[in-house]
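A structural walkthrough
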Amino acid sequence: MAKAMAEVNRLKENQGAGGPSEDLDLAKDEASRAQESLKILTEKSQAERRRWQEEKLSLIGQAKEAEDKRNQEMRKFAEDRERYCRQQSLLESKLLEKEAAMESWRKERDALVAALEVQLQKLLSSQAEKDKVMKELSEQSSKQPAEVSVAPPLPSSYVLLSPDLRANTRIPHKRSEEDAPQSSLR
């Protein structure tokens with residue numbers, strides 16, 4: 001454009017000197033075309049600049065959205081991790097409590113089983129003692145003469161019990177002479 005203006009000025013100077021007007025018209029046309037071309041290029045440049053500016057703002061907006069979303073996801077991840085850690089520690093403490101309760105229950109069970117075993121041994125020995133006494137009594141009753149129809153009196157420590165009550169009754173190990181049945185031969 002600067003060339004066109006210089007040409008126009010040169011032609012104006014020549015016109016005053018009596019130069020051809022044709023050159024002046026050509027120069028004016030060329031200057032107007034150059035101005036229009038300049039105007040069009042300026043408009044294109046501004047349009048392109050606006051488009052780039054809009055694109056730049058759009059990209060900046062997308063970057064901000066992406067960063068906000070990433071920050072939000074990071075916060076959520078951190079919160080989830082904290083919540084899961086709290087839940088895990090709570091579950092671990094509950095598990096430890098349950099394990100302690102289970103261990104206590106096992107010890108109590110073992111103590112009860114041991115006590116039951118002792119009671120069972122006592123019951124078995126008591127039952128064996130009762131069987132022995134019953135055998136002695138039956139032997140004594142078979143040794144008595146058939147003439148006596150009256151059964152000898154039982155010692156005061158022996159009480160007739162039903163079989164289910166006999167299991168809970170304790171029978172003395174030795175009989176004293178007072179408790180021994182009296183024979184009819186006296």
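Data block above holds the structure.
What comes next is a walk through the structure. The structure displayed is predicted, hence computed values, not measured ones.

1. Examining the overall build of the protein
The number of helices and strands found in the protein is 3 helices and 0 strands. Secondary structure of the protein in N-to-C order comes out as α-α-α. Buried positions account for 8% of the 186 residues belonging to the protein. If you take every contact in the protein between residues at least 6 apart in sequence, the share linking residues at least 24 apart comes to 56%. For the protein, the accessible surface area stands at approximately 16600 Å², while carbon and sulfur atoms represent 55% of it.

2. Thoughts on the packing of aromatic side chains
Considering all chains together, one arrives at 0 aromatic pairs under this definition. If you follow Arg83 out to its NZ or CZ, it ends over the ring of Tyr84, 5.3 Å from the centre.

3. Thoughts on the pattern of salt bridges
Within the structure shown, the criterion is met by 5 salt bridges. Note that Glu55 is salt-bridged to Arg51, the shortest N-O span being 3.9 Å. Note that Glu55 and Arg51 are positioned in helix H2 (residues 21–143) at a spacing of 4 residues, about one turn of the helix. When its relative accessible area of 45% is taken as the criterion, Glu55 is described as partly exposed.

4. Some points on a negative patch on the surface
A cluster of acidic residues, Glu22, Asp23, Asp25, Asp29 and Glu30, forms a negative patch at the surface. As for its placement among the helices and strands, Asp29 is situated in helix H2. Asp29 gets classed as partly exposed once you look at its relative accessible area, which sits at 43%.

5. Considerations on H2
Working note: α-helix, 3.6 residues per turn, so residues spaced by three or four point in the same direction. In this model, H2 (123 residues) spans 176 Å end to end at C-alpha, consistent with the 183 Å of a helix rising 1.5 Å per residue. Along H2, the residues that are buried comprise Leu24, Ala27, Ala31, Asp80, Glu129, Lys130 and Val133.

6. Overview of a nonpolar patch on the surface
Taken together, the side chains of Leu120, Leu123 and Leu124 make up a nonpolar region of the molecular surface, amounting to roughly 260 Å² of accessible area. Within the secondary structure layout, Leu120 lies in helix H2. Overall, the relative accessible area of 45% leaves Leu120 in the partly exposed class.

Thresholds, definitions, all that
Residues numbered from 1 in each chain as written. Predicted model: local features only at pLDDT ≥ 70, side-chain atom pairs only at ≥ 80, totals over all residues. Heavy atoms only, no water. Helix = DSSP H or I, 4+ residues; strand = E, 2+ residues; numbered from the N terminus. Buried < 20%, exposed > 50% of the residue type's maximum accessible area, 1.4 Å probe, protein only. Contact = heavy atoms within 4.5 Å. Areas by Shrake-Rupley, 256 points an atom, 1.4 Å probe, with all protein chains shown as cover. Phe/Tyr/Trp six-rings, centres within 6.5 Å; stacked < 30°, edge-to-face > 60°. Lys NZ or Arg CZ within 6 Å of the ring centre and 35° of its normal. Salt bridge = Lys/Arg side-chain N within 4 Å of Asp/Glu carboxyl O. Patch = residues over 30% accessible without salt bridge, like charges linked within 9 Å, V, L, I, M, F, W, Y side chains within 5 Å. Lys, Arg positive; Asp, Glu negative; His and termini not counted. Charge placed at Lys NZ, Arg CZ, Asp CG, Glu CD. Expected span 1.5 Å × (residues − 1).

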